[in-house]
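Each chain, written out:
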Amino acid sequence: MSAGTFTPRPGAAPVSRMIRAQTALETRMLLRNGEQLLLTVIIPALLLTLFSSVDIIDTGAGNSVDFLAPGVLALAVMSTAFTGQAIATGFDRRYGVLKRLGASPLPRWALMASKTLSVLVTEVLQIALLTGIALALGWSPHGNPLSVAALVLLGTAAFSGLGLLMAGTLKAEVTLAAANLVFLLLLVGGGVIVPLEKFPGAVRDVLALLPVSALSDGLREVLQHGAALPWGDTAVLAAWAVLGLGAAAKWFRWE
C-alpha cells in the first residue's frame, strides 16, 4: 500500500457523470409522482383503449385505433415534456431546489440537459407501452421510424421550451393550474381525439398551428398513411421549438 492511497481527491465529478446521475434522479422522481403518472401514462392509455373500443367519435374510414394511436402518442409527448416538466420544475423553483442546484458544481445548462434527457427516457417508456396497447387493439402502423423519431424529438423540444418558460416565469401554483388547463384544452382541440375537420374552417386553421396539432397530424401522416416526413408539420414544430426554447433561455428565473 503506497502513501496517499486514501488521500482525498477533492473536486467535481466529470460533467457527463453528473448529467447521468441527475437524469436518473429526475426520472425516478417523475415516475414516483402519482399525479404525473396519471397524466403521462394512465390517461393516454385509457383514452386509447376507450375510444378505440367504443364508437363514440367519428374518426373517418378505417379502424379507429389507426387514427387515435398517433394522436395519443402526441398527447403522451405533451404530457411529459410540457405538463409534467412545467409542474415539476415550477415547484423545484418555488422550494429553492433550482437555486441550490444552480450553486452546485452541476452547471445550469447540464441541469436543463438532465431534465430533457429525463423527459426523453420517460417518453420512450410511454411510447413502448402505448404502442403495445395499440397493437393489441389492432393497430397497423406504417411509415419510416426515423420520420417518427424526428417528429417526436421536435415535439419534445417545442413542448419542453414552453414548459420551462411557464415554470420559470409563473408562480408554482399558477403553473400547476395553467399547465393542467392547457393539457385539457389541447386534448379536446388539438386533433388528438377529435379530428380537426370537425371544427369550423377559421378555427381549424388556427388549431392546426398548435404544436400538439402539428405533432398529431405529422405522426398520423407517417404512421397511418405511410407518408414521408411531413414538412409542413415539421416546420410548425421547429418554429415552436425555436420560440419556446429561446424565450425560456431569455426569461427563465431560477428563484
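Preceding this paragraph is the structure being described.
Predicted model only: the values in this text are computed from it and were never measured. (Residues numbered from 1 in each chain as written. Predicted model: local features only at pLDDT ≥ 70, side-chain atom pairs only at ≥ 80, totals over all residues. Heavy atoms only, no water.)

## Some remarks on the overall build of the protein chain
1) Next: Broken down by element type, the protein chain carries 10 helices and zero strands.
2) Next: Going from the N terminus to the C terminus, the protein chain shows its helices and strands as α-α-α-α-α-α-α-α-α-α.
3) Next: Since a compact globule built from 255 residues should have a radius of gyration of about 18 Å, the 20 Å found for the protein chain is in line with a globular shape.
4) Next: Taking the principal axes of the C-alpha coordinates as reference, the protein chain spans close to 75 × 40 × 35 Å. (Helix = DSSP H or I, 4+ residues; strand = E, 2+ residues; numbered from the N terminus. Rg over C-alpha atoms; globule rule 2.2 N^0.38 Å.)

## Brief notes about the environment of Val-148
1) Next: Within the secondary structure, Val-148 sits in helix α6 (residues 145-169).
2) Next: In this structure, the C-alpha to C-alpha distance between Val-148 and Ser-79, residues 69 residues apart in sequence, is 18 Å.

## Things to note about the packing of aromatic side chains
1) Next: Taken as a whole, this structure holds one aromatic pair when the rule is applied.
2) Next: Between the aromatic rings of Phe-91 and Tyr-95, the centroid separation amounts to 6.1 Å while the plane-to-plane angle is 35°, which identifies the pairing as tilted.
3) Next: Taking NZ or CZ as reference, Arg-220 lies 3.8 Å from the ring centre of Phe-67, over its face. (Phe/Tyr/Trp six-rings, centres within 6.5 Å; stacked < 30°, edge-to-face > 60°. Lys NZ or Arg CZ within 6 Å of the ring centre and 35° of its normal.)

## Examining the environment of Ala-69
1) Next: Counting through the fold element by element, Ala-69 comes out in helix α3 (residues 64-94).
2) Next: Judged by relative accessible area, which is 2%, Ala-69 ranks as buried.
3) Next: Here the alpha-carbon distance between Ala-69 and Asp-92, two residues 23 residues apart in the chain, equals 33 Å.
4) Next: In this view, Ala-69 contacts Leu-48, Ala-134 and Trp-139; residues no more than four positions away in its chain are not counted. (Buried < 20%, exposed > 50% of the residue type's maximum accessible area, 1.4 Å probe, protein only. Contact = heavy atoms within 4.5 Å.)

## Some points on the packing of α6 against helix α10 (residues 231-251)
1) Next: Put simply, α6 and α10 touch, their axes get as near as 7 Å, and they point 30° apart. The orientation of α6 with respect to α10, classified from their angle, is roughly parallel. Here the hand of the crossing between α6 and α10 comes out left-handed. In this structure, α6 uses Leu-151, Leu-154, Gly-155, Ala-157, Ala-158, Gly-161, Leu-162, Leu-164, Leu-165, Gly-168 and Thr-169 to contact α10, whose residues at the interface are Thr-234, Leu-237, Ala-238, Trp-240, Ala-241, Gly-244, Leu-245, Ala-247, Ala-248 and Trp-251.
2) Next: Split by residue class, the contact of α6 with α10 holds 15 nonpolar, six polar and no charged. (Axes fitted to C-alpha atoms, helices over the stretch in contact; angles between N-to-C directions. Parallel < 35°, antiparallel > 145°, perpendicular 65-115°, else oblique. Left-handed = near helix turned anticlockwise from the far one by under 90°. Nonpolar A, V, L, I, M, F, W, Y, C, P; charged D, E, K, R; others polar.)

## Observations concerning helix α5 (residues 108-136)
Residues three or four positions apart in an α-helix share a direction because the helix packs 3.6 residues into each turn.
1) Next: In this model, α5 (29 residues) spans 43 Å end to end at C-alpha, consistent with the 42 Å of a helix rising 1.5 Å per residue.
2) Next: If you check which residues of α5 are buried, you get Ala-110, Leu-111, Met-112, Ser-114, Lys-115, Ser-118, Val-119, Thr-122, Glu-123, Gln-126, Leu-130 and Ala-134.
3) Next: Looking one or two places after α5, you find Gly-138, whose phi comes out positive at around 100°. (Expected span 1.5 Å × (residues − 1).)

## Observations regarding the pattern of salt bridges
1) Next: Evaluated as defined, the whole model comprises three salt bridges.
2) Next: Salt-bridge contacts for Asp-92 lead to Lys-115; the nearest nitrogen and oxygen are separated by 3.3 Å. Here Lys-115 lies in helix α5 and Asp-92 lies in helix α3, a separation of 23 residues in the sequence.
3) Next: Residue classification places Asp-92 among the buried residues on the basis of a relative accessible area of 13%.
4) Next: With relative accessibility at 3%, the residue Lys-115 sits in the buried group.
5) Next: Among the salt bridges present, the one from Arg-94 reaches Glu-173, with a minimum N-O distance of 2.4 Å. (Salt bridge = Lys/Arg side-chain N within 4 Å of Asp/Glu carboxyl O.)

## Here's the deal with a nonpolar patch on the surface
1) Next: On the surface, a cluster of nonpolar side chains totalling about 230 Å² of accessible area is made up of Leu-31, Val-121 and Leu-125.
2) Next: Tracing the sequence through the fold places Leu-125 in helix α5. (Patch = residues over 30% accessible without salt bridge, like charges linked within 9 Å, V, L, I, M, F, W, Y side chains within 5 Å. Areas by Shrake-Rupley, 256 points an atom, 1.4 Å probe, with all protein chains shown as cover.)

## Some words on the packing of α3 against α6
Think of two packed helices as two axes; the pair is described by the angle between the axes and how far apart they sit.
1) Next: Between α3 and α6, the least distance of the axes is 8 Å, while the angle of their chain directions is 25°. Comparing the axis directions of α3 and α6 gives the class roughly parallel. Judged by the sense of rotation from one axis to the other, the crossing of α3 with α6 is right-handed. Side by side, α3 and α6 meet where Val-77, Met-78, Ala-81, Phe-82, Gln-85, Ala-86, Thr-89, Gly-90 and Arg-93 of the first sit next to Val-152, Gly-155, Thr-156, Phe-159, Ser-160, Leu-162, Gly-163, Leu-164, Met-166, Ala-167, Gly-168 and Thr-169 of the second.
2) Next: A per-class count over the contact of α3 with α6 returns 11 nonpolar, nine polar and one charged.

## Structural notes on helix α9 (residues 211-223)
1) Next: An ideal rise of 1.5 Å per residue puts 18 Å on 13 residues; α9 measures up with 18 Å between its terminal C-alpha atoms.
2) Next: Extensive coverage of α9 is indicated by the burial of 11 of its 13 residues.
3) Next: Looking at α9, one finds that the buried residues are Pro-211, Val-212, Ser-213, Ala-214, Leu-215, Ser-216, Gly-218, Leu-219, Arg-220, Val-222 and Leu-223.
4) Next: Summarising the contacts, the buried residues of α9 are in contact with α3, α6, α7 (172-189), α8 (201-207) and α10.

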